[in-house]
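Secondary and tertiary structure notes
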Amino acid sequence: MRTMFLLILIFSCDFSTNLPKQKAYFAPEFKTPEYDNVSLDCGYTFYKNLEATIKDFKNCNYEISYENFNAKIFINQIVFSESMDKVINVFNLKINENLKYSDQVIESDFFDPERRIYSKLYSFIGNSPSNIQFYLTNKIDKFLTGSLFFETKPNYDSLYPNINYIKNDIKKMVSSFKWVDE
């Protein structure tokens, strides 16, 4: 009888440890993106997500705004008379400045010599001010930069789904990019 009582007592006890609940972040749901070809009278075209809008267009510098994410991609067209190496060095200084706030950076390249498209994209992991920075060039006389910023305090964990979604849009933009005057 004692043995039976001990067995019932052992199997009825819950030996699991109760842990405090982790902080959770809202898991957003994304629509499948639809793209449209954009021509801004700047000497190039690209595909842009229909969910994003182009704002504050001045001298081929503008914002691609994602209002539902409180995010903007700032696009700047750089006109230069110096060598391409000097322009890339200035861009790299911006990258190094942003690195101070990130834990890691992932670089990816896109080259299409036939269309004269050369691009480098930097994804910053961590609470950096800009989560993605990239450039596009023809390696002769054209150079565009892009930087993704959120209008909120940087929190990489909570922004990650949005960063990833917009990163895919940036990749679509780069892969569809065409210089129209070449």
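Now for a description of the structure that goes with this document. All of these numbers come straight from a predicted model, not from anything done at the bench. (Residues numbered from 1 in each chain as written. Predicted model: local features only at pLDDT ≥ 70, side-chain atom pairs only at ≥ 80, totals over all residues. Heavy atoms only, no water.)

For the rest of this paragraph, the subject is the sheet that holds strand E5 (residues 71-78). Spatially, seven strands are ordered E3-E4-E5-E9-E8-E7-E6 in an open sheet, and the strand pairing comes out antiparallel. Because the sheet does not close on itself, it has two edges, and the strands there are strand E3 (53-58) and strand E6 (104-112). The average undirected angle you get between the axes of adjacent strands in this sheet is 15°. The sheet contact formed by strand E4 (residues 61-66) and E5 spans five bridges and is antiparallel. (Pairing = 2+ DSSP bridges. Helix = DSSP H or I, 4+ residues; strand = E, 2+ residues; numbered from the N terminus. Axes fitted to C-alpha atoms, helices over the stretch in contact; angles between N-to-C directions.)

Okay, the pairing of E4 next. A large share of E4 lies buried, amounting to five of its six residues. With four bridges connecting them, E3 and E4 associate as antiparallel partners. Bridge pairing links Ile 54 to Ile 64 in E4. Here E3 hands over to E4 after two residues, with Asn 59 in that stretch at a positive phi of 50°. Remark: four residues form the turn of the hairpin made by E4 and E5, two consecutive strands paired antiparallel; Asn 70 in that turn has positive phi of roughly 55°. (Buried < 20%, exposed > 50% of the residue type's maximum accessible area, 1.4 Å probe, protein only.)

Another aspect to go through is the nonpolar core. In a soluble, globular protein the nonpolar side chains are often hidden away together inside. Core analysis: the biggest nonpolar cluster contains 32 residues, and Tyr 44, Phe 46, Tyr 66, Ile 73, Ile 75, Phe 134 and Ile 166 have the highest contact counts within it. For this core, the secondary-structure elements that each account for two or more residues are strand E2 (44-49), E4, E5, strand E7 (117-125), strand E8 (130-137), strand E9 (143-150) and helix H3 (156-176). Here the element with the most residues in this core is H3; it accounts for eight residues. Residues contacting Ile 75, with those up to four places away along its chain left out, are Tyr 44, Cys 60, Asn 61, Tyr 62, Ile 64, Phe 134, Leu 144, Thr 145, Gly 146 and Met 173. Phe 80, Phe 124, Tyr 135 and Phe 143 belong to the second largest nonpolar core, which has nine residues in total. (Core = buried A, V, L, I, M, F, W, Y, C linked by side-chain atoms within 4.5 Å. Contact = heavy atoms within 4.5 Å.)

By the secondary structure assignment, Ser 119 is in strand E7. Given a relative accessible area of 3%, Ser 119 falls into the buried group. From its side chain, Ser 119 meets the backbone oxygen of Tyr 135 in a polar contact 2.8 Å long. (Polar contact = N/O pair within 3.5 Å; in protein donor to acceptor, adjacent residues only side chain to side chain.)

Let's shift gears to the pattern of salt bridges. Taken as a whole and judged by the stated rule, the model has nine salt bridges. Ionic pairing is found between Glu 97 and Lys 100, a salt bridge with its closest N-O pair at 3.2 Å. When its relative accessible area of 41% is taken as the criterion, Glu 97 is described as partly exposed. For Arg 115, the salt bridge identified is with Asp 112, shortest N-O distance 2.6 Å. One network of salt bridges, with partners in common, ties together Glu 63, Lys 72 and Glu 151. (Salt bridge = Lys/Arg side-chain N within 4 Å of Asp/Glu carboxyl O.)

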